[in-house]
Amino acid sequence: MSFRQFAFGLTATFGIAWVAILIVPFFLLRSPAPVAFNEIADNKTGIYFPKSAGRIVNGEQVYAANGCINCHTQLIRPTYAGNDLGRADWGGMKLDPERGDTRRESNVFDYRFASFAQIGTNRLGPDLSNVGLRAVSAYAKGGNPRTWFLNHLYNPRNELDRQDSRCPPFSFLFDKVKIEGQKPSNALDVPVEAGYAIVPTSEANELVDYLLSLKRDEAVPASMNYAPPAKPAAAAAAKKG
């Protein structure tokens, strides 16, 4: 085998893989075609155009800059690749008070407004695809999800039920300020020396805005829902009868 043949074979081997894995998906997915609802299967008509989650650009940049993708994903895997829908409220709400089970897998439209798809590299922590809705639901009867996020970012292990958390503290996103007069209204309820308070910086607030914007629970067309909620046994029995 000549060097020319070796060089050509090596280039072709990596070139074909590069085209198949990067170039072809880029052109296929950068402008996905609209998907229509089926009146019979979906009980509605029209075009699937999911609502914007209100992503905050600056917060997304803070999320990326601090390596959150190294421990958190934003991808509800297809059922054949894992059992993400079995995890509590990751891909929607299992017990939504108005619509019932809204859980679903991720699709290409979920990332259409993002400058970079934050699908993550590891899952040392929970998936964050739907963390904004989970947080709002958890504090629906009292409490403030923003306060929880800020305290968690400052030091996750300050929480009694998270002493073994592997999430690193992001205390550098907060400032220690001297109290002059009244305590700042945005001060965190965390241990700090007397006469001082811990307050979030603009970056911390932008990051929390971004996290609260992560809500993916809108209904998708049946043709895109590869793992639709199971029908109640009673309804299935009635259909057979």
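Starting from 1, residues in each chain are numbered consecutively following that chain's sequence as written. Totals for whole chains, interfaces and linings use all residues, but because this is a predicted model, local features are given only for residues with pLDDT of at least 70 and pairs of side-chain atoms are given and counted only at 80 or more. Side-chain numbers here rest on the full set of heavy atoms in the structure, without hydrogens or water.

Engineer: What should I look at first to understand the overall build of the chain in this one?
Structural biologist: Helix and strand definitions here come from DSSP, where helices need a minimum of 4 consecutive H or I residues and strands a minimum of 2 consecutive E residues; each element is numbered from the N-terminal end. Scanning the chain for helices and strands turns up 7 helices and 4 strands. C-alpha atoms define the radius of gyration, and 2.2 Å times the number of residues to the power 0.38 defines the globule rule. In terms of C-alpha radius of gyration, the chain reaches 23 Å, well past the compact-globule figure of 18 Å for 241 residues. Across its three principal directions, the C-alpha atoms of the chain cover 70 × 70 × 35 Å. Out of the 241 residues in the chain, the part that is buried amounts to 34%. At a minimum sequence separation of 6, the contacts of the chain that also span at least 24 residues come to 65%. Carbon and sulfur atoms make up 60% of the accessible area of the chain, which totals about 15,400 Å². When charges are counted, Lys and Arg are positive and Asp and Glu negative, with His and the chain ends excluded. Every charge is mapped onto a representative atom, which is NZ of Lys, CZ of Arg, CG of Asp or CD of Glu. Side-chain charges of the chain comprise 27 positive and 23 negative groups, with the mean position of each set lying 6 Å from the other. Here's how the labels work: a residue is buried when its accessible area is under 20% of the maximum for its type, exposed when over 50%, partly exposed in between, all with a 1.4 Å probe on protein chains only. Contacts are residue-level and defined by heavy atoms, with any inter-residue pair within 4.5 Å sufficient. Here the open area of atoms and residues is found with the Shrake-Rupley method and a 1.4 Å probe, where only the protein chains shown may cover a residue.

Engineer: Got a minute to help me understand the environment of Ile47 in this structure?
Structural biologist: One can find Ile47 in strand β2 (residues 47-48). Residue classification places Ile47 among the exposed positions, given a relative accessible area of 51%. Spatially, the C-alpha atoms of Ile47 and Pro184 are 48 Å apart, while their sequence positions differ by 137 residues. Contacts of Ile47, omitting those with residues within four sequence positions, involve Pro34, Val35, Ala36 and Phe37.

Engineer: Looking at this structure, how should I read empty space enclosed by the protein?
Structural biologist: Gaps left between atoms are located by rolling a probe of water-molecule size over the structure's atoms. Both cavities and pockets are sets of points on a 1 Å grid over the protein atoms alone; in a cavity a 1.4 Å probe fits but cannot get out, in a pocket the set is open with protein on both sides within 12 Å along at least five of seven lines, and lining residues sit with an atom within 4 Å of a point. Grid points are joined across faces, edges and corners, and a volume is the space filled by probe spheres set on the points. In total, this model carries 2 cavities of 30 Å³ or more according to the counting rule given. The space that makes up the second largest cavity amounts to roughly 40 Å³. For the second largest cavity, the full set of lining residues is Ile76, Trp90, Gly91, Arg104, Glu105, Ser106, Asp110, Ser129 and Arg216. Polar here means any residue outside two lists: the nonpolar Ala, Val, Leu, Ile, Met, Phe, Trp, Tyr, Cys and Pro, and the charged Asp, Glu, Lys and Arg; Gly therefore counts as polar. Residues belonging to the lining of the second largest cavity are distributed by class as follows: 2 nonpolar, 3 polar and 4 charged.

Engineer: How should I be thinking about helix α4 (residues 131-138) in this particular structure?
Structural biologist: Residues spaced three or four apart along an α-helix point in a common direction, a consequence of the helix completing one turn every 3.6 residues. If you check which residues of α4 are buried, you get Val131, Gly132, Leu133, Arg134 and Ala135. Buried positions along α4 lie against α5 (145-154) and α6 (202-213).

Engineer: Would you mind going over the side chain of Gln118 with me for this structure?
Structural biologist: Inspection of the secondary structure puts Gln118 in the loop between α3 (57-65) and α4. Excluding residues within four positions of it along the chain, Gln118 makes contact with Glu60, Tyr63, Ala64, Ile69, Thr73, Gln74 and Tyr210.

Engineer: How should I be thinking about the confidence of the model for the chain in this particular structure?
Structural biologist: Low pLDDT means the predicted atomic positions in that stretch should not be read closely. As a per-residue quantity, pLDDT reports the predictor's confidence and falls between 0 and 100. The pLDDT averaged across the chain works out to 85; a share of 91% of its residues lies at or above 70. Residue range residues 233-239 is modelled with pLDDT below 50. Its contacts to residues more than four positions away, or to other chains, number 1 contact.

Engineer: Sorry, what's going on with the pairing of strand β4 (residues 196-200) here?
Structural biologist: Looking along a regular strand, one sees side chains alternate from face to face of the sheet. Burial analysis of β4 places 4 of its 5 residues in the buried class, which makes it a mostly covered element. Pairing between strand β3 (residues 174-178) and β4: 5 bridges, direction antiparallel. Among the inter-strand pairings, Lys178 is bridged to a residue of β4, identified as Tyr196. Strands qualify as paired when DSSP identifies two bridges or more between them.

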